[in-house]
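Close look at the chain arrangement
What follows is the residue order along each chain.
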Amino acid sequence: MASTGLFARLSHRLFVATGTSMTDATHRLVQRIGRIFSLNEDERHALATVPIIMHTFASHQDIVQEGDQPGQCCLIVAGWACRYRILQHGGRQILSFHIPGDLPNIHGLHLPVTDHSLAAVTTVTVGFVSHAQIHDLIAEHPRLGSAFWKDTLIDAAIYRERIVGMGRKEALPRIAHFFCEVFLRMQAVDLTTQHSCSLPITQTEMSDALGLSSVHVSRVLRDLRHQEFIALDHRTLTILDWSRLMALAEFNPTYLHQDISVPT
């Protein structure tokens, strides 16, 4: 039977107290919403003071499970997470990756049962905000309801772009597009250095996300390196030629719907 909330399962899951401060979490929240919505000072203050309970999850540990009925939304504060589904034969489809600042289950405000699982890819620090607190926040600051709604719409736009890639693009432009998207999303939360960013996922995780075999992913990565589109070293992605990579990927960042400066 599905649980009625994440905190009801504390005795059944391993949680590790995190040293990350609430200030770090609220900074991520204000940063995320402020990137996609013009906030006034009252709204910034309200987001910056919302109560957040933080926990750290080990890599590959579930944060939310399919069938759960969570009573809180989660904010990725540090590390990477992913949404996924497991099929009857054991195959896994990764639906999306989530980086610091993302609100991967904000839809739970209106969908009572979770139809997928959310897991840590790396060690990940997560901030939890109860649905009641978010509803109170929106009641006091109605424009924040529009901000959260816009966040879910951008999430849907990213899904649409992934469907186009998996349905109509060959492996090389599909992976090239993924790299462009990851870099710009990381850049938006100040987690890039020049043309480099962290990419803490395995080839298997990439294959599960992009509908390719691990062997095919390995071959494409080798080709992208050989043709000097990218460099991958110690889980760090460096884009060596942005214009060529974007052309290969047919990448247009409009679907991310945020103020983005594409590197040159």
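Preceding this section is the structure that the text describes.
Reference entry: report on the structure contained in this document. What you see is a predicted model, and the numbers here were worked out from it, not measured in a lab. (Residues numbered from 1 in each chain as written. Predicted model: local features only at pLDDT ≥ 70, side-chain atom pairs only at ≥ 80, totals over all residues. Heavy atoms only, no water.)

1. Things to note about the overall build of the protein
If you tally the helices and strands in the protein, you get 8 helices and 11 strands. The globule rule puts the C-alpha radius of gyration for 264 residues at 18 Å, and the 18 Å found for the protein is close to it. Considered along the principal axes of its C-alpha atoms, the protein spans approximately 50 × 45 × 35 Å. Considering only contacts within the protein whose residues lie at least 6 apart along the sequence, 75% involve residues at least 24 apart. Roughly 12,600 Å² of accessible area belongs to the protein as shown, and the carbon and sulfur atoms make up 54% of that amount. (Helix = DSSP H or I, 4+ residues; strand = E, 2+ residues; numbered from the N terminus. Rg over C-alpha atoms; globule rule 2.2 N^0.38 Å. Contact = heavy atoms within 4.5 Å. Areas by Shrake-Rupley, 256 points an atom, 1.4 Å probe, with all protein chains shown as cover.)

2. Quick look at the pattern of salt bridges
For the structure on display, the rule yields 11 salt bridges. Here Arg 92 ties to Asp 208 by a salt bridge, and the two come within 2.8 Å at their closest N and O atoms. Taken together, the residues span a long stretch of sequence, with Arg 92 in strand β5 (residues 92-98) and Asp 208 in helix α6 (residues 203-210) at a distance of 116 residues. Classification of Arg 92 by relative accessible area gives partly exposed; the value is 28%. (Salt bridge = Lys/Arg side-chain N within 4 Å of Asp/Glu carboxyl O. Buried < 20%, exposed > 50% of the residue type's maximum accessible area, 1.4 Å probe, protein only.)

3. Some remarks on the packing of helix α5 (residues 171-188) against helix α7 (residues 214-226)
At a minimum axis distance of 10 Å, the contact between α5 and α7 shows a crossing angle of 75°. Judged on the interaxial angle alone, α7 and α5 are roughly perpendicular. Facing Ala 171, Leu 172, Ile 175 and Phe 179 of α5, the residues of α7 in contact are His 216, Val 217, Val 220, Leu 221, Asp 223 and Leu 224. (Axes fitted to C-alpha atoms, helices over the stretch in contact; angles between N-to-C directions. Parallel < 35°, antiparallel > 145°, perpendicular 65-115°, else oblique.)

4. Quick word on the sheet that holds strand β1 (residues 53-57)
Pairing in this open sheet of 3 strands is antiparallel, and the strands run β1-β7-β3 from one edge to the other. If you trace the sheet from one side to the other, it starts and ends with β1 and β3 (72-78), each paired once. Across the sheet, the mean angle separating the axes of adjacent strands is 30° when strand polarity is ignored. In this structure, β1 lies alongside strand β7 (residues 124-130), joined through 5 bridges in antiparallel fashion. By the bridge assignment, Phe 57 is partnered in β7 with Val 124. (Pairing = 2+ DSSP bridges.)

5. A word on helix α2 (residues 41-48)
Within the sequence span of α2, burial applies to Glu 43, Ala 46 and Leu 47. Mapping the buried residues of α2 onto a view down its axis gives an arc of 95°, with all of them on the same face. Away from the buried face of α2 by more than 90 degrees, exposed residues Glu 41 and His 45 are located. A distance of 3.1 Å separates the backbone nitrogen of Asp 42 from a side-chain oxygen at the start of α2, and that oxygen is part of Asn 40. (Arc of directions from axis to C-beta. Polar contact = N/O pair within 3.5 Å; in protein donor to acceptor, adjacent residues only side chain to side chain.)

6. Quick word on empty space enclosed by the protein
What the rule picks out here adds up to 3 cavities of 30 Å³ or more. Reported here for the largest cavity is a volume of approximately 90 Å³. Taken together, Ile 158, Glu 161, Arg 162, Gly 165, Met 166, Lys 169, Arg 174, His 177, Phe 178, Glu 181 and Leu 210 form the lining of the largest cavity. Put simply, the parts of the chain that give the lining of the largest cavity at least two residues each are α4 (143-168) and α5. Broken down by element, the residue count for the lining of the largest cavity peaks at 5 residues, all from α4. Taken together, the residues of the lining of the largest cavity sort by class into 4 nonpolar, 2 polar and 5 charged. Empty space within the second largest cavity amounts to approximately 80 Å³. Of all the elements in the fold, those that place two or more residues in the lining of the second largest cavity are β3, β7 and α3 (131-140). For the lining of the second largest cavity, the element with the most residues is β3, which contributes 3 residues. (1 Å grid on protein atoms, 1.4 Å probe; cavity = no way out; pocket = protein on both sides within 12 Å on 5 of 7 lines; lining within 4 Å. Points joined across faces, edges and corners; volume = space filled by probe spheres on them. Nonpolar A, V, L, I, M, F, W, Y, C, P; charged D, E, K, R; others polar.)

7. Focus: the packing of aromatic side chains
The way to describe two aromatic rings as a pair is by their centre distance and the angle between their planes. Here the structure, examined in full by the defined rule, presents 6 aromatic pairs. Ring plane angle 70° and centroid distance 5.4 Å describe the contact between Phe 183 and Trp 242, whose orientation is recorded as edge-to-face. Of the two residues, Phe 183 sits in helix α5 while Trp 242 sits in helix α8 (residues 242-249), which places them 59 residues apart along the sequence. A relative accessible area of 0% means that Phe 183 is categorised as buried. An angle of 80° between the planes, with centres 6.0 Å apart, marks the rings of Phe 251 and Tyr 255 as edge-to-face. Both residues of the pair, Phe 251 and Tyr 255, count as buried. Here a set of aromatic residues connected by ring pairs shows up, and it is made of Trp 80, Phe 97, Phe 178 and Phe 179. The ring centre of Phe 229 lies 4.0 Å from the NZ or CZ of Arg 244, which sits over that ring. (Phe/Tyr/Trp six-rings, centres within 6.5 Å; stacked < 30°, edge-to-face > 60°. Lys NZ or Arg CZ within 6 Å of the ring centre and 35° of its normal.)

8. Examining the nonpolar core
Core analysis: the biggest nonpolar cluster contains 69 residues, and Ile 175, Phe 179 and Met 206 have the highest contact counts within it. Take this core: its biggest share by element is 10 residues, from α5. Among all residues touching Phe 179, those that are not within four sequence positions of it are Leu 199, Met 206, Leu 221, Leu 224, Ile 230, Leu 232, Leu 237, Ile 239 and Leu 245. (Core = buried A, V, L, I, M, F, W, Y, C linked by side-chain atoms within 4.5 Å.)

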